[in-house]
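Spelled out from the first residue to the last, the chains are:
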Amino acid sequence: MISYFIEQASTAAVKIDSLFDTITIIVGFWFIVAQGLIVYLLVKFRRGNSPKARYISGEDHHESRWVHIPHYLVIVCDIAIIAITIPLWGELKINPTVPDLKIRAIGQQWSWVFIHPGADGVLDTADDIQTINDLRLVVNKKYHVEMQSRDVIHDLSIPAFRFKQDTIPGRSVLGWFEPTKTGNFSVQCAEMCGVGHGLMAARVQVQTEEEHQKWIVSVQKTQGDIAQTETGTEPFTEKLTAGF
């Protein structure tokens, strides 16, 4: 149901949407039953067709079953929902998959800093690429994202991936996703973080492997050109802020 409103663009999106659909169907069924029963009782015991009201203690079995039976049914449904949820929670939060690549996302008032591995595919090396509000990913690659904050609590939210995780000052929080579609998708901060919270928007561009390698080459070329312009010597190795 959610996919009618927000595109599915990751492997987790399909599983999370299925969980939401299951919960919606279970809750929706009992909502319809409860509302139907209320309407039935209102009609059956309307004022012109009912005896005088009397006090019911609820001690008799035929009276208390109207509470106990729905109670037991709700417990059964809750157990079913928990049984479906726990494996998905474990997969997404507790036992993340082995990554193809690692990236870092840093929240700050009021922008996102993304650090990508360069041509070597390894994070925290000299050819890392740093961008502002512009995350670049390769389709069908599994990513571990290390999330940090420089000031207050932010929340990295990518609705198309069904990904949402707080970034906490002083901590590195690990998450993961695997994009399944190329294109541009919205990145948001989903935690109130100050007066500029509403302006803290970014984008993620999911590219093919070829497009991504071309982007890396173009950034590194720009990096080298800027270094030569400023120094007239060999390119410096500091990270470039690109894509803003």
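See the structure printed just above.
My aim in this report is to walk through the structure given alongside it, one point at a time. (Residues numbered from 1 in each chain as written. Predicted model: local features only at pLDDT ≥ 70, side-chain atom pairs only at ≥ 80, totals over all residues. Heavy atoms only, no water.)

### A few points about the overall build of the protein
Then comes step 1: Within the protein one finds 3 helices and 11 strands.
Then comes step 2: In the protein, the succession of helices and strands from N to C terminus is α-α-β-β-β-β-β-β-β-β-β-β-α-β.
Then comes step 3: Counting across all 244 residues of the protein, residues that qualify as buried make up 36%.
Then comes step 4: Sequence separation of at least 24 residues holds for 64% of the intrachain contacts in the protein that already meet a minimum separation of 6.
Then comes step 5: Summed over all atoms, the accessible surface of the protein reaches about 15,000 Å², with 62% contributed by carbon and sulfur. (Helix = DSSP H or I, 4+ residues; strand = E, 2+ residues; numbered from the N terminus. Buried < 20%, exposed > 50% of the residue type's maximum accessible area, 1.4 Å probe, protein only. Contact = heavy atoms within 4.5 Å. Areas by Shrake-Rupley, 256 points an atom, 1.4 Å probe, with all protein chains shown as cover.)

### Quick word on the pairing of strand S3 (residues 129-132)
Two faces make up the sheet, and in a regular strand the side chains alternate between them.
Then comes step 1: Covered by surrounding structure in S3 are Ile129 and Thr131 together with Gln130 and Ile132, the residues of both alternating faces.
Then comes step 2: Relative to S3, strand S2 (residues 111-116) runs antiparallel, the two being bridged by 4 bridges. Bridge pairing in S3 places Ile115 opposite Gln130. (Pairing = 2+ DSSP bridges.)

### Re the packing of aromatic side chains
Then comes step 1: Across all of its chains, the model carries 5 aromatic pairs by this definition.
Then comes step 2: Ring plane angle 40° and centroid distance 6.3 Å describe the contact between Tyr143 and Phe177, whose orientation is recorded as tilted. Of this pair, Tyr143 sits in strand S5 (residues 143-149) while Phe177 sits in strand S8 (residues 173-177); the two residues are 34 residues apart in sequence, bridging distant segments of the chain. Neither Tyr143 nor Phe177 differs from the other in exposure class; each is buried.
Then comes step 3: With 5.1 Å between their ring centres and 55° between their planes, Phe161 and Phe177 make a pair best called tilted. You can see Phe161 sitting in the loop between strand S6 (154-158) and strand S7 (163-167) and its partner Phe177 sitting in strand S8, a full 16 residues away along the chain. (Phe/Tyr/Trp six-rings, centres within 6.5 Å; stacked < 30°, edge-to-face > 60°.)

### Here's the deal with the nonpolar core
Then comes step 1: Among the nonpolar cores identified, the biggest contains 28 residues, and Leu156, Phe161, Phe177 and Val204 are the most heavily contacted of them.
Then comes step 2: Looking at this core, the elements that each hand over two or more residues are strand S1 (101-108), S2, strand S4 (134-138), S5, S6, S8, strand S9 (183-189) and strand S10 (202-207).
Then comes step 3: Excluding anything up to four places from it in sequence, Phe177 contacts Ile103, Leu137, Lys141, Lys142, Tyr143, Val145, Ile158, Phe161 and Phe163.
Then comes step 4: Residues Ala12, Ile16, Leu92 and Trp176 belong to the second largest nonpolar core, which totals 6 residues. (Core = buried A, V, L, I, M, F, W, Y, C linked by side-chain atoms within 4.5 Å.)

### Topic: the environment of Gly196
Then comes step 1: The topology assignment puts Gly196 in the loop between S9 and S10.
Then comes step 2: Taking C-alpha positions, Gly196 is 7.1 Å from Gln109, a pair spaced 87 residues apart along the chain.

### Structural notes on the pattern of salt bridges
Then comes step 1: Scanning the model with the defined rule gives 11 salt bridges in all.
Then comes step 2: The salt bridge involving Glu146 is made with Arg104; its shortest N-O contact spans 3.1 Å. Placement of the pair is Glu146 in strand S5 and Arg104 in strand S1, with a sequence separation of 42 residues.
Then comes step 3: Salt bridges linked by common partners bring Arg104, Asp124 and Glu146 together as one network. (Salt bridge = Lys/Arg side-chain N within 4 Å of Asp/Glu carboxyl O.)

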